[in-house]
Structure formats: C-alpha cells, structure tokens
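Topology and contacts: notes
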Amino acid sequence: TPTANGVVDIRVCDDDNDGVAAFDFDTEVTPDVLDTQDAAGFSVSYHASQLDADDNANPFSNPYINTLNQEMVFVRIENVDNTTCFDTTSFQIEVFDTPVVAAINDLQRCDDGADGNLTNGQTDTELSELTEVVMGTQDVNLFSVSYHLSSEDATAGTNVLPLTYYNTTAFNQSVFVRIQNDTNTDCFATQEFEIIVNTTPTANGVVDIRVCDDDND
C-alpha cells in the first residue's frame, strides 16, 4: 500500500492578473507525494474532491488550469498492480494578483533652505505624494507601497525609507519604489526614479532707478 506524503500548499503570483495559472503537478508535486517510493510501482493523480480521489474519478489533466483563486486539490497514489491499494492527501493552490507600478516621473524639487542652505541640493521630500500615482487604480486595501535606496532593498522589502525623506545624495538621488500584494508579499513590482533637487536662486536687492527725462515725454 502506497503512502501519500504531505504536500506544501502552492501559492503563485498571477503575472497578468487574469485569475488563472497553469500548475504542473506531475513535476512540482508528484515527487513530493512519492518521496522515496518507486515511481514505476505507483501512479499519482489529482482530483477536485475527496470522493473523486477515493473513486479515482475525473482526474485533472496536466498542466492543470485553476477555476478559482483558491482551490483544494486532492491527491491519489495507487499501486499500479492493484489499484485498490491506495492512499490520499490534499493541498491548496492559490493565485494572487501581482501589482503594477503605474507610470511615474522623476520628482523635481526646489531647495527650500530649511536646513539653512539654499544651494546644497538637499531638502525634505514627501514620498507619500507619489504613492497615489504609483497605485493608480489598484486596490489600496490589497497593495502597499514602500521606498528604498537600492534595487536589492526594494526586492527584499528591507530598509524602508521614511515617507519624509531628506536626500543624502545632493541634487540627484536614486530611489526605488516597491508595491506589493499584502496577502502574498512574494507578488511585487519595483521601479526606479530620481529625486532632483534644484538650487533656489536668491533675488539680491537692487537700488531704485531714478532717471531724468530729456524731452519730458
């Protein structure tokens, strides 16, 4: 009698957000179900219900295309010489939306001199002003936005910048935005943009101009 070894749930990111994905159970799951058992002596099939798995009815084709965002899959492993010798297990598959970074432009700022210097190219930038642009029409209850100083940090979701950010590189600071699905943070997108701080000119005082009109016109 075979043993249906436990299978880890499969969580995938939906790259085109159409709600469906292709699952290659034969490659991704069957080796875990078999573990050390002889693949030549046992066959594995996948079903929509425990009843179907018990009856060996309506096995899924491979690859399997999900019909719901979240589904239970029931596994049957049987002895090829006597199919009444079988065991079953189950696991869950789930498809998550992948966020998209809406088109964003570089942030142009004027040095406001709040740090006492109008010409050093450094100032506070409210990154939160960009969040609405990054989100576009996507669900704010499903996705969240963060900002990082490197592509590596954005990919890992680490070293998040404060939303009021004082640029450490004068005049031109590269920043990476990350938008993620909060129900599965493996589903995310990143994009680089620039914070550009322009020097604010000083209007120096000018002496009044007084002239004599030679022809009194």
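Note that the coordinates shown come from a computational prediction; the quantities given were computed from them, not determined experimentally.

The strands making up a sheet are joined through hydrogen bonds of the backbone, oriented either antiparallel or parallel. Read across the sheet, four strands follow the order S1-S6-S5-S3 without closing on themselves; strand pairing throughout is mixed. The open sheet has two edge strands, strand S1 (10-14) and strand S3 (42-47), and neither has a second partner. Averaged over all neighbouring strand pairs, the angle between strand axes comes to 30 degrees, with direction disregarded. In the sheet, strand S5 (residues 70-79) pairs with strand S6 (residues 82-97) via 10 bridges, with the strands oriented antiparallel. When the bridges of S6 are listed, Asn-79 appears paired with Asn-82.

Inspection of every chain in the model, using the stated rule, returns one disulfide. The disulfide bridge from Cys-13 ends at Cys-187, spanning 2.0 Å between sulfur atoms. In this structure, the disulfide formed by Cys-13 and Cys-187 twists by about -95 degrees around the S-S bond and is classed as left-handed. Highlighted residues: Cys-13 in strand S1 and Cys-187 in strand S12 (residues 184-198), separated in sequence by 174 residues. Taking the relative accessible area as the measure of exposure, Cys-187 reaches 1% and is therefore buried.

To continue, consider the packing of aromatic side chains. Geometry of an aromatic ring pair is reported as the spacing of the ring centres plus the angle between the planes. All told, the structure shown has seven aromatic pairs when counted by the stated rule. Taking 5.9 Å as the distance between ring centres and 25 degrees as the angle between the ring planes, the aromatic pair formed by Phe-25 and Tyr-64 counts as stacked. In this pair, Phe-25 sits in helix H1 (residues 25-28) while Tyr-64 sits in strand S4 (residues 64-65), placing the two residues 39 residues apart along the sequence. Residues Phe-25 and Tyr-64 agree in their burial class; the two are buried. Ring pairs connect the aromatic residues Phe-23, Phe-25, Tyr-46, Phe-60, Tyr-64 and Phe-91, which therefore count as one cluster. Its guanidinium or amino end placed over the ring of Phe-86, Arg-76 lies 3.9 Å from that ring's centre, counting from NZ or CZ. Above the face of the Phe-188 ring, Arg-178 is positioned so that its terminal group lies 4.1 Å from the ring centre.

Looking at the element boundaries, Val-8 is found in the segment before S1. Separated by 202 residues in the primary sequence, Val-8 and Arg-210 place their C-alpha atoms 87 Å from one another.

Parameters at a glance
- Residues numbered from 1 in each chain as written.
- Predicted model: local features only at pLDDT ≥ 70, side-chain atom pairs only at ≥ 80, totals over all residues.
- Heavy atoms only, no water.
- Pairing = 2+ DSSP bridges.
- Helix = DSSP H or I, 4+ residues; strand = E, 2+ residues; numbered from the N terminus.
- Axes fitted to C-alpha atoms, helices over the stretch in contact; angles between N-to-C directions.
- Disulfide = S-S within 2.5 Å.
- Buried < 20%, exposed > 50% of the residue type's maximum accessible area, 1.4 Å probe, protein only.
- Phe/Tyr/Trp six-rings, centres within 6.5 Å; stacked < 30°, edge-to-face > 60°.
- Lys NZ or Arg CZ within 6 Å of the ring centre and 35° of its normal.

Worth remembering: the numbers are spatial, not functional.
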